[in-house]
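Reading the structure
Okay, here's what each chain looks like letter by letter:
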Amino acid sequence: MIELRGGPCQRARHDANTVMSPETPYPKSVFARNLTDEAGITELMDDLGEALTLGRGKIRMMGGGNPAHIPAMTAIWRERMRELLDEPSGEFDRVLADYDPPAGSPAFRAAMADFLNREYGWELTSENIAITNGGQTAFFFLLNRFAGAMADGSEKRILLPLVPEYIGYGDQGVSAHALFDSRRPLIERIGERGFKYHIDFENLALDESHGAIAVSRPTNPSSNVLTDDEIGRLRSLAAERGIPLIIDNAYGLPFPGVIFTEAAPVWDENLILTLSLSKLGLPGTRTGIVVARGEIIAEIRSMTAVVGLANNNLGQALVRPLIESGGIRRLAEQVVRPYYRHRAESALALAHRHLPVEVPWRVHESEGAFFLWFWFEDLPVTCRELYCRLKEAGLLVVPGKAFFYGLDTTGWAHAEQCIRVSFTQPEEVVEDGFRILGEVVREVYR
Ligand SMILES: Cc1ncc(COP(=O)(O)O)c(C=O)c1O
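Here is what the cut-offs are and how they apply
- Residues numbered from 1 in each chain as written.
- Predicted model: local features only at pLDDT ≥ 70, side-chain atom pairs only at ≥ 80, totals over all residues.
- Heavy atoms only, no water.
- Helix = DSSP H or I, 4+ residues; strand = E, 2+ residues; numbered from the N terminus.
- Rg over C-alpha atoms; globule rule 2.2 N^0.38 Å.
- Buried < 20%, exposed > 50% of the residue type's maximum accessible area, 1.4 Å probe, protein only.
- Contact = heavy atoms within 4.5 Å.
- Areas by Shrake-Rupley, 256 points an atom, 1.4 Å probe, with all protein chains shown as cover.
- Lys, Arg positive; Asp, Glu negative; His and termini not counted.
- Charge placed at Lys NZ, Arg CZ, Asp CG, Glu CD.
- pLDDT = per-residue confidence, 0-100.
- Expected span 1.5 Å × (residues − 1).
- 1 Å grid on protein atoms, 1.4 Å probe; cavity = no way out; pocket = protein on both sides within 12 Å on 5 of 7 lines; lining within 4 Å.
- Points joined across faces, edges and corners; volume = space filled by probe spheres on them.
- Nonpolar A, V, L, I, M, F, W, Y, C, P; charged D, E, K, R; others polar.
- Pairing = 2+ DSSP bridges.
- Right-handed = clockwise from strand over helix to strand, strands pointing away.
- Near = heavy atom within 4 Å.
- Polar contact = N/O pair within 3.5 Å; in protein donor to acceptor, adjacent residues only side chain to side chain.
- Sits in = over half its atoms within 2 Å of the grid points.
- Axes fitted to C-alpha atoms, helices over the stretch in contact; angles between N-to-C directions.
- Parallel < 35°, antiparallel > 145°, perpendicular 65-115°, else oblique.
- Core = buried A, V, L, I, M, F, W, Y, C linked by side-chain atoms within 4.5 Å.

Along its length, the protein chain carries 13 helices and 16 strands. Against the compact-globule benchmark of 22 Å for 446 residues, the protein chain has a radius of gyration of 22 Å, which places it among compact chains. Split into buried and exposed, the 446 residues of the protein chain put 53% on the buried side. At a minimum sequence separation of 6, the contacts of the protein chain that also span at least 24 residues come to 75%. Entry remark: accessible area of the protein chain is about 18900 Å², with carbon and sulfur atoms responsible for 52%. Across the protein chain, the centroid of the 46 positively charged side chains sits 3 Å from that of the 60 negatively charged ones.

Overall, the prediction assigns the protein chain a mean pLDDT of 92, with 93% of residues at 70 or greater. When the criterion is pLDDT under 50, residues 1-8 qualifies, and its contacts beyond four places in sequence or with other chains add up to 18 contacts. Counted against residues more than four places away or in other chains, residues 10-19, with its pLDDT under 50, gives 17 contacts.

For the rest of this paragraph, the subject is helix H8 (residues 228-241). For H8, built from 14 residues, the straight-helix expectation of 20 Å at 1.5 Å per residue is met to within 8% by its first-to-last C-alpha distance of 20 Å. Buried-residue contacts for H8 involve strand S7 (194-198), strand S8 (210-216) and strand S9 (245-248). Count one or two residues on from H8 and you reach Gly 242, which has phi positive near 70°.

Attention now moves to the layout of surface pockets. Counted as a void, the second largest pocket has a volume near 520 Å³. The wall of the second largest pocket is formed by 28 residues, among which Gln 136, Tyr 166, Ser 278, Lys 279 and Arg 286 lie closest to the centre. Put simply, the parts of the chain that give the lining of the second largest pocket at least two residues each are helix H3 (40-52), helix H7 (134-146) and strand S10 (271-276). Residues of the lining of the second largest pocket, tallied by class, amount to 14 nonpolar, 10 polar and four charged.

A two-sided burial pattern is seen for S9, the buried positions comprising Leu 245 and Ile 247 on one face and Ile 246 and Asp 248 on the other. As defined by bridge partners, S8 adjoins S9 across four bridges and the pair is classed as parallel. Bridged to Val 215 within S9 is Ile 247. Regarding the hand of the β-α-β motif, the stretch spanning S8, H8 and S9 is right-handed.

Moving on: the site of the ligand. Around the ligand there are 13 residues in total, and Gly 135, Asp 248, Ser 276, Ser 278 and Lys 279 lie nearest to it. Between Asn 220 and the ligand, the recorded distance is 2.8 Å, taken from a side-chain N or O atom to an oxygen atom. In the model, an oxygen atom of the ligand is placed 3.0 Å from a nitrogen or oxygen of the Tyr 251 side chain. Notes on the ligand: free accessible area 400 Å², of which the protein chains cover 92%. Counting atoms within 2 Å of the grid points, the majority share of the ligand lands in the second largest pocket. Per-element tally for the shell around the ligand: the top contributor is H7, with three residues. Counted by class, the shell around the ligand contains three nonpolar, seven polar and three charged residues.

Right, let's talk about the pairing of strand S11 (residues 288-291) for a bit. Residues Gly 288 and Val 290 point to one face of S11 and Ile 289 and Val 291 to the other, with burial holding for every one of them. Relative to S11, strand S2 (residues 129-132) runs antiparallel, the two sharing four bridges. The residue of S11 that forms the bridge with Thr 132 is Gly 288. Here S10 runs beside S11; their pairing, made up of four bridges, is antiparallel. Each bridged residue has a counterpart across the sheet, and for Leu 273 the counterpart in S11 is Val 291.

Relative orientation of the contacting elements helix H10 (residues 314-325) and helix H11 (residues 327-354) amounts to 95°, with a least axis distance of 5 Å. Relative to H11, the element H10 lies roughly perpendicular. Residue-level contacts link Val 319, Leu 322, Ile 323 and Ser 325 of H10 to Gly 327, Ile 328 and Leu 331 of H11.

By size, the foremost hydrophobic cluster in this structure holds 128 residues, and its most contacted members are Met 112, Phe 255, Phe 374, Leu 386, Ile 419 and Phe 434. Tallying contributions element by element places H11 first for this core, with nine residues. In this view, Ile 419 contacts Leu 372, Trp 373, Phe 374, Phe 376, Cys 383, Leu 386, Leu 390, Val 397, Val 398, Pro 399, Gly 400 and Leu 437; residues no more than four positions away in its chain are not counted.

And the structure:
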């Protein structure tokens, strides 16, 4: 194995005792330790916030998963906001001045259940729908509901059948126990520059230590979309063990619909689906939606009440008419998906234009979401060092290592050789970003 060259930025972060929050004189609870020690998602959101505020115009923000400001969608939200303000029934005052029930707005929950029934022939009622403050909070509740220190004294973990998986789950556990048990994927090389992950079903080995299986579809960071067959097999495995399969549809179906392959949404009482309004263009409204059996929904309701009393209700009020009319699906299919598909194709073309031919780079098949996932075989530095050098050159990406959690990656070079590059910023920013990526990568391999 080649010796990896490190730099100052990498050493600081790789020190196991490094904490991101300032030290206090007070001893830390396990909860505090888990949520405040070095966390990939905290760094990512700090980077994103900094680039979009202080660094706007100076730093090319191709790190976080901020949605693009799609003009046609922005116009719809403005129009809906005006309608809400002028609503004679006083809806706007209610939104601002009343707490919602903790499971969410009853009208929105009913609209959501009806919409999913009409679209997919499911048999949901509002008892199957709960709102949370974003999909992130939904996952915080669900992961800690099904794993960690269990009430009967046992310990359980969430099986992630394929990492790399969403960085934002990684540090959500509140108990002293490890929250995840993750598996490496099978890697299919495609042509000279492509690759794709598949679940290694031979290596899943589910047992009584697993409390649930979780996947994002499309997967953040790789954009991989688990096939219907893979989802079907995971469903069977989960059902055999009597544990739920949790599917995170933050980028997927029915909205925002940023999915470029054929994929059928599924639901039954053993599945838990999460959806979000964020990637439609409303991350500021913090609206997540959980679809699950009634007992789980009741638990989510309790958790929201305890942790935050109620949810932000603005997103529900803005979007409800589009759910009732079914127009949300048309927007997803005719506006949002084509927009991101075009952006993904442009980003791929830029990669081919700017990345050096002599470097053995590969990119994961672009199957959805907002990212391209690059794999630099034989990368002479760690992916964090590459990230640091890119940041110094004015480009923010996300180093891949933090997406490979819940397993020992020792000796697995691939986990050190990937970066995630988002393509949602304006075209000229993305073009400039790829130019920098090409220059820095050429330098690193020299
Ligand atoms: C896969 C995935 N799940 C969940 C979330 C959480 O998003 P939000 O809390 O804005 O709904 C994100 C955000 O980037 C994501 O990428």
